[in-house]
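These are the residues of each chain, in order.
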Amino acid sequence: MRVGYPVINLEIEEQFTFNRMVGRSRKLLLETASHNLDMLWKTLRFNLERGLLLFRIRSDFVPYAAHPQRSFDWEAELGPALAEIGAFVQASDMRLTVHPDLFFGLCSTNEREFEQTLAELDYQTRLFDAMGLGRPAKIQMHAGEARGDPEGSLERCVERYQTLEDRLKAHHVLEYDNGCCNLQR
């Protein structure tokens, strides 16, 4: 069994820089992504020294990577560094996961939210692919939606999951959401 934690390590003074930054210049995005890569290295080494073999990275690890108007080719720019991290993760028998922000979901009745969800799943799949991580790297997403019609949201989730490309399904797992699901549904 792998033991780990999500996103923030309070023992490391520096932390990840998130995409909630003002301005989205190519230079700033690249600097932020490079900083996040450095922090991921520090975090993974810290974790390995302590036998923590599971880590959930932030969904916005590469700022604005799923945004339709992103201003840089993050895969080309960060690819070699991501491959190194992936090799380290595999050699250390670690597992990485990611959890899209809560406003992303396959079950949304809002078509724009659903399209953004597909873009986010695509980015996170490409992130794991750039790291060379296979099926053990997981994208966890809630299986329902508490607002509106929980039963209908579960049905939409199942229907939409079945339409996903196989490459997106390879990393995707559904997570129980106690806000809308129970043992009866």
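Coordinates for the structure precede this section.
Report follows, based on the coordinates. (Residues numbered from 1 in each chain as written. Predicted model: local features only at pLDDT ≥ 70, side-chain atom pairs only at ≥ 80, totals over all residues. Heavy atoms only, no water.)

### Considerations on the packing of helix 2 (residues 74–91) against helix 3 (residues 111–130)
What counts here: To obtain each axis, a line is fitted to C-alpha atoms, and for helices this fit is confined to the stretch in contact; angles are then taken between N-to-C directions over 0 to 180 degrees. Under the scheme used here, helices are H or I runs from DSSP no shorter than 4 residues and strands are E runs no shorter than 2 residues, and both carry numbers assigned from the N terminus. Orientation labels follow simple angle bins: below 35 degrees gives roughly parallel, above 145 gives roughly antiparallel, 65 to 115 gives roughly perpendicular, and whatever is left gives oblique. Between two residues, a contact is recorded if the distance between any of their heavy atoms is within 4.5 Å. In this count, Pro and Cys sit with the nonpolar residues alongside Ala, Val, Leu, Ile, Met, Phe, Trp and Tyr, while Asp, Glu, Lys and Arg are called charged and the others, Gly among them, polar.
Where helix 2 contacts helix 3, the axes come no closer than 9 Å and their chain directions differ by 45°. Taken together, helix 2 and helix 3 sit at an angle that is classed as oblique. Side by side, helix 2 and helix 3 meet where Trp74, Glu75, Gly79, Leu82 and Ala83 of the first sit next to Tyr123, Arg126, Leu127 and Ala130 of the second. When its residues are assigned to classes, the contact of helix 2 with helix 3 shows six nonpolar, one polar and two charged.

### Considering the pattern of salt bridges
Test applied: By salt bridge we mean one thing: a side-chain nitrogen of Lys or Arg within 4 Å of a carboxyl oxygen of Asp or Glu.
Enumeration over the complete set of coordinates arrives at eight salt bridges. Arginine 50 is the salt-bridge partner of glutamate 49, the closest N and O atoms lying 3.3 Å from each other. One network of salt bridges, with partners in common, ties together Glu75, Asp122, Arg126, Glu165 and Arg167.

### With respect to the side chain of arginine 160
As a reminder of what qualifies: Relative accessibility under 20% of the residue-type maximum defines a buried residue, over 50% an exposed one, and the middle range a partly exposed one, all with a 1.4 Å probe and only protein chains included.
By secondary structure assignment, the location of arginine 160 is in helix 4 (residues 150–163). Accessibility expressed as a relative area gives 15% for arginine 160, which makes it buried. Beyond its immediate chain neighbours, meaning those up to four positions away, arginine 160 contacts Leu106, Cys107, Ser108, Glu111 and Phe114.

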